[in-house]
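Residue strings, one per chain:
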Amino acid sequence: MNTLILASAAGAVVGLALGGLGGGGSVLAVPALIYPLGFDPAAATTAALLIVIATSLTGLVAHARHGRVRWRTGSLFAAAGIVPAAIAGVLTAGFAVLAAVAAVRMLRPKREAAARAGASTAAPPAGRVARTGAGLGTVTGFLGVGGGFLVVPALVTVVAVPMAEAVGTSLLVITVNSTAALATRLTTPTALDWAAIAPFTAAAVLGAWDGQRLAARVPVAALRRIFGAVLLAVAVFMLVDAVT
């Protein structure tokens, strides 16, 4: 019973993060699976991929129904990052620093967004999207679970995708990256506790629907600040964990 309650509660949080903010699934799911639920790191990472894929697909469908997904941009972004993510190795401390920088950019006044407001509805240059996707894939390759918390800042501040659409588009990128990462892990069978994974995933899927509805009601400026604050908190936690 404790496993069911803990898994359901953790899944709901992961689903809200993915559905509402377009990222954070793996960053939240892996520690939740390891600490309260007792998974070993290898099993936790594999289980997190399964959970994130199912939850991201749910959130993606929900956002797509409201026209908040840039399919071309997201597909190119994800495709460019698959190979670098598969071969890269980056220290956790370095990832945390980059996450903190991304968080600060999200929290700053939207000078860049205002300057690009006239072009925000146009498709961004394919080269810029590919370079950003490849760079992010390289940076997040160490994690092996998508690096979703950096996708939204990259889409907003570098590719100039509006915040509301960046959340939905990020779910497309996360789904592709997580599926690619899971495919590489399936070659090494890992024992998984489905009694914990099943309720975790179910709660996350339901949370993703609630998250996208919540995101639709929150003003864009507030959503940027919330995302930036959560990302900064995650970066600080990762940095402290890396140096202690």
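The structure presented is a predicted model; accordingly, all values stated were derived computationally and were not measured.

Draft legend 1. Main features of the overall build of the protein chain. Secondary structure summary: the protein chain contains eleven helices and zero strands in total. When its helices and strands are written in sequence order, the protein chain yields α-α-α-α-α-α-α-α-α-α-α. For the protein chain, the proportion of its 244 residues judged to be buried stands at 48%. A sequence separation of at least 24 residues applies to 86% of the contacts in the protein chain between residues at least 6 apart. Within the structure as shown, the protein chain displays about 10700 Å² of accessible surface, and the carbon and sulfur contribution to it stands at 69%.

Draft legend 2. Representation of the pattern of salt bridges in the model. Under the counting rule described, the total for this entry stands at two salt bridges. The salt bridge partner of Asp210 is Arg213, with a shortest N-O separation of 2.4 Å. Placement of both Asp210 and Arg213 in helix α10 (residues 194–217) is noted, with a separation of three residues, approximately one turn of the helix. Exposure remark for Asp210: the relative accessible area of 38% places this residue in the partly exposed category.

Draft legend 3. Broad picture of the packing of helix α2 (residues 25–34) against helix α3 (residues 41–65). Packing of α2 against α3 brings their axes to within 9 Å, and their N-to-C directions diverge by 135°. Comparing the axis directions of α2 and α3 gives the class oblique. The two elements α2 and α3 cross, and the hand of that crossing is right-handed. For the pair formed by α2 and α3, the contact residues are Gly25, Ser26, Ala29, Val30, Leu33 and Ile34 on the first element and Pro41, Ala44, Thr45, Ala47, Ala48, Ile51 and Val52 on the second. The residue makeup of the contact of α2 with α3, split by class, is ten nonpolar, three polar and no charged.

Draft legend 4. Region of the structure containing helix α1 (residues 2–21). Compared with the 28 Å implied by 1.5 Å per residue over 20 residues, the 28 Å span of α1 between its first and last C-alpha is a close match. Inspection of α1 places Ala7, Ala10, Gly11, Val14, Gly15, Ala17, Leu18, Gly19, Gly20 and Leu21 among the buried residues, and these make up the whole buried set. Positive backbone phi, approximately 75°, marks Gly22, located one or two places after α1.

Draft legend 5. Just the confidence of the model for the protein chain, in detail. Here the protein chain averages 79 in pLDDT, while 80% of its residues score no lower than 70. Averaged pLDDT values over the elements of the protein chain bottom out at 45 in helix α6 (residues 111–115) and peak at 91 in α10.

Draft legend 6. Representation of a nonpolar patch on the surface. Taken together, the side chains of Val104, Leu107, Leu232, Val236 and Val240 define a hydrophobic patch exposed on the protein surface, amounting to about 370 Å² of accessible area. When residues of the nonpolar patch are traced back to their parent elements, those giving at least two are α5 (92–107) and α11 (220–243). Element by element, the count of residues in the nonpolar patch is highest for α11, at three residues. Mapped onto the elements, Val236 comes out in helix α11.

Draft legend 7. Spatial organisation of the side chain of Thr201. Here Thr201 lies in helix α10. On the accessibility criterion, Thr201 (16% relative accessible area) is buried. With residues near it in sequence (within four places) discarded, Thr201 still touches Ile51 and Ala54.

Draft legend 8. Highlighting the packing of α1 against α3. Where α1 contacts α3, the two axes come as close as 9 Å, and the packing angle between them is 40°. Judged on the interaxial angle alone, α3 and α1 are oblique. Note on packing geometry: the crossing formed by α1 with α3 is right-handed. For the pair α1 and α3, contact is made by Gly15, Leu18 and Gly19 and by Val52, Thr55, Ser56 and His63, respectively. Its residues assigned to classes, the contact of α1 with α3 shows two nonpolar, five polar and no charged.

Draft legend 9. How the structure looks around the environment of Thr73. As for its placement among the helices and strands, Thr73 is situated in helix α4 (residues 71–87). Linking Thr73 and Val173, residues 100 residues apart in sequence, is a C-alpha distance of 9.4 Å.

Conventions and cut-offs
- Residues numbered from 1 in each chain as written.
- Predicted model: local features only at pLDDT ≥ 70, side-chain atom pairs only at ≥ 80, totals over all residues.
- Heavy atoms only, no water.
- Helix = DSSP H or I, 4+ residues; strand = E, 2+ residues; numbered from the N terminus.
- Buried < 20%, exposed > 50% of the residue type's maximum accessible area, 1.4 Å probe, protein only.
- Contact = heavy atoms within 4.5 Å.
- Areas by Shrake-Rupley, 256 points an atom, 1.4 Å probe, with all protein chains shown as cover.
- Salt bridge = Lys/Arg side-chain N within 4 Å of Asp/Glu carboxyl O.
- Axes fitted to C-alpha atoms, helices over the stretch in contact; angles between N-to-C directions.
- Parallel < 35°, antiparallel > 145°, perpendicular 65-115°, else oblique.
- Left-handed = near helix turned anticlockwise from the far one by under 90°.
- Nonpolar A, V, L, I, M, F, W, Y, C, P; charged D, E, K, R; others polar.
- Expected span 1.5 Å × (residues − 1).
- pLDDT = per-residue confidence, 0-100.
- Patch = residues over 30% accessible without salt bridge, like charges linked within 9 Å, V, L, I, M, F, W, Y side chains within 5 Å.

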